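Read off the chains here:
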Amino acid sequence: MGPAEYLQQKKQLIDQTLECYLSQENSPVFEAMRYSVLDGGKRFRPLLLMACGEYFGAPEKLLLPYACAIELIHSYSLVHDDLPMMDNDDYRRGKFSCHKKFGQGLALLAGDGLLSLAFEILAEAPAPEQNPQIKDMIISEIARTIGPSGMIAGQYLDISFNPENQDVSVNQEIALKKTAGLIRVSGVSGARLAGASPVQVEAVEKFGTYLGLAFQLRDDLEDLAQDLSVSKPLRPNLASILGVESSLELLEELRSKAENSLREFKIYSDILEFFIHQIQFQPEKKA
Ligand code: GRG
């Protein structure tokens, strides 16, 4: 089975499991949560968790709840990011964003609900038999990565960003905290659940970080391309500050660094490399 087929199968499993987790009740909050998670989304982060975990030998059943929790966290961040007081987006995943469909109050609560449900799932998830205490470490690592020193700090830097500021390092810090953190911790959680050695975890950490930085830069490039084509104001991002040519060079550099992080530690996996291949700039592809 090739990487694309492998990932397609895992995606189906993740989608089915997410549907189960989100079908507990028929309340308006659950409806808004289901709307925001199901029927859309590439599942990049949970797939990365599953792929890293299975590469190092963890069973699918062990990884699945962690993978779904990560996707719920990602979905919460998108629902809140789309709110008018944040990035103010009317569309997400090819349809109305949550607040456009359900109103701001319900969207705020749906995001809160997704985040809480993610930690309920993590708390109830099985621990690896050989090393049960690693579960606590994984949960606190996820919480730290998305918390006030991680993703929330990155989001604050983003919303308080001064458009006059052409500082590359602030934009890199935003990308690291806002986007790369969750991607990195997805891979690392999978590796830890599989009992990977500290050196192997370090490899996945580097791989995930470069992958996450490339992911954000590709997104910046797509925003820039879209902006140029519809000529609507764009908040300056790393791609607009560096310019298209230098950004494409940096994107290639980040992708090679991601690949080298695996090679350096003698990890050869066409599935993990497939994640790097997926991060390519295609201007017309922004959803
Ligand atoms: C609100 C606390 C809080 C944080 C929000 C992640 C984030 C922080 C904001 C998202 C802003 C954004 C669109 C960043 C670009 C990179 C990114 C996360 C894109 C969306 O992820 P994909 O492409 O989306 O994996 P799908 O829909 O496939 O899941």
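Up top you'll find the structure we're talking about.
Structure report, in brief. On a predicted model such as this, the values are computed, not experimentally measured, just so you know.

Here the focus is the site of the ligand. If you check the shell around the ligand, you find 17 residues, and the closest are Lys 42, Arg 45, His 74, Arg 93 and Asp 219. Lys 42 places a side-chain nitrogen or oxygen 2.6 Å from an oxygen atom of the ligand. Residue assignment for the shell around the ligand shows that the elements contributing at least two residues are α4 (60-82), α8 (151-159) and α10 (198-230). Here the shell around the ligand takes 6 residues from α4, the largest share from any one element. Its residues assigned to classes, the shell around the ligand shows 5 nonpolar, 6 polar and 6 charged.

With that settled, the discussion passes to the layout of surface pockets. By volume, the second largest pocket amounts to about 160 Å³. Class assignment for the residues of the lining of the second largest pocket results in 6 nonpolar, 4 polar and 1 charged.

Apart from glycine, the bulk of residues carry a negative phi angle, and the bulk of peptide bonds sit in the trans form. Positive phi is not limited to glycine here, since Asn 88 has a value of about 55°. When its relative accessible area of 44% is taken as the criterion, Asn 88 is described as partly exposed. Look at Arg 93: it is not a glycine, yet its phi comes out positive at around 55°. With respect to the helices and strands, the residue Arg 93 is situated in the loop between β1 (91-92) and β2 (95-96).

What follows is about the side chain of Lys 135. Structurally, Lys 135 can be placed in helix α7 (residues 134-146). Buried charge without a salt bridge: Lys 135, with Asp 136 as the nearest opposite-charge side chain at an N-O distance of 6.2 Å. Setting aside chain neighbours within four positions, we find Lys 135 in contact with Tyr 66, Leu 122, Ala 123, Glu 124, Ala 125, Pro 126 and Ala 127.

Bringing the state of the cysteines into the picture now. Inspection of every chain in the model, using the stated rule, returns 0 disulfides. With no disulfide of its own, Cys 20 has Cys 68 as its nearest cysteine by sulfur position, at a separation of 9.0 Å. Cysteine Cys 98 shares no disulfide, and the gap to the nearest cysteine sulfur, in Cys 68, comes to 19 Å.

So, about a nonpolar patch on the surface. Residues Met 85, Met 86, Tyr 156 and Ile 159 make up a contiguous nonpolar surface patch of about 430 Å² in total accessible area. By secondary structure assignment, the location of Ile 159 is in helix α8. Taking relative accessible area as the criterion, Ile 159 reaches 44% and is therefore assigned partly exposed.

Applying the stated rule across the entire model yields 17 salt bridges. Two residues, Glu 71 and Arg 93, come together in a salt bridge whose shortest N-O distance is 3.0 Å. On the criterion of sequence distance, the pair formed by Glu 71 in helix α4 and Arg 93 in the loop between β1 and β2 is long-range, its members being 22 residues apart. Its relative accessible area of 0% is what places Glu 71 among the buried residues. Between Lys 257 and Glu 253 there is a salt bridge; the shortest N-O distance is 3.3 Å. Of this pair, Lys 257 and Glu 253 both sit in helix α12 (residues 244-264), 4 residues apart, which is roughly one turn of the helix. Several salt bridges converge on common partners, so that one network encompasses Lys 11, Asp 15, Arg 43, Glu 71 and Arg 93.

Calculation rules
- Residues numbered from 1 in each chain as written.
- Predicted model: local features only at pLDDT ≥ 70, side-chain atom pairs only at ≥ 80, totals over all residues.
- Heavy atoms only, no water.
- Near = heavy atom within 4 Å.
- Polar contact = N/O pair within 3.5 Å; in protein donor to acceptor, adjacent residues only side chain to side chain.
- Helix = DSSP H or I, 4+ residues; strand = E, 2+ residues; numbered from the N terminus.
- Nonpolar A, V, L, I, M, F, W, Y, C, P; charged D, E, K, R; others polar.
- 1 Å grid on protein atoms, 1.4 Å probe; cavity = no way out; pocket = protein on both sides within 12 Å on 5 of 7 lines; lining within 4 Å.
- Points joined across faces, edges and corners; volume = space filled by probe spheres on them.
- Buried < 20%, exposed > 50% of the residue type's maximum accessible area, 1.4 Å probe, protein only.
- Lys, Arg positive; Asp, Glu negative; His and termini not counted.
- Salt bridge = Lys/Arg side-chain N within 4 Å of Asp/Glu carboxyl O.
- Contact = heavy atoms within 4.5 Å.
- Disulfide = S-S within 2.5 Å.
- Patch = residues over 30% accessible without salt bridge, like charges linked within 9 Å, V, L, I, M, F, W, Y side chains within 5 Å.
- Areas by Shrake-Rupley, 256 points an atom, 1.4 Å probe, with all protein chains shown as cover.

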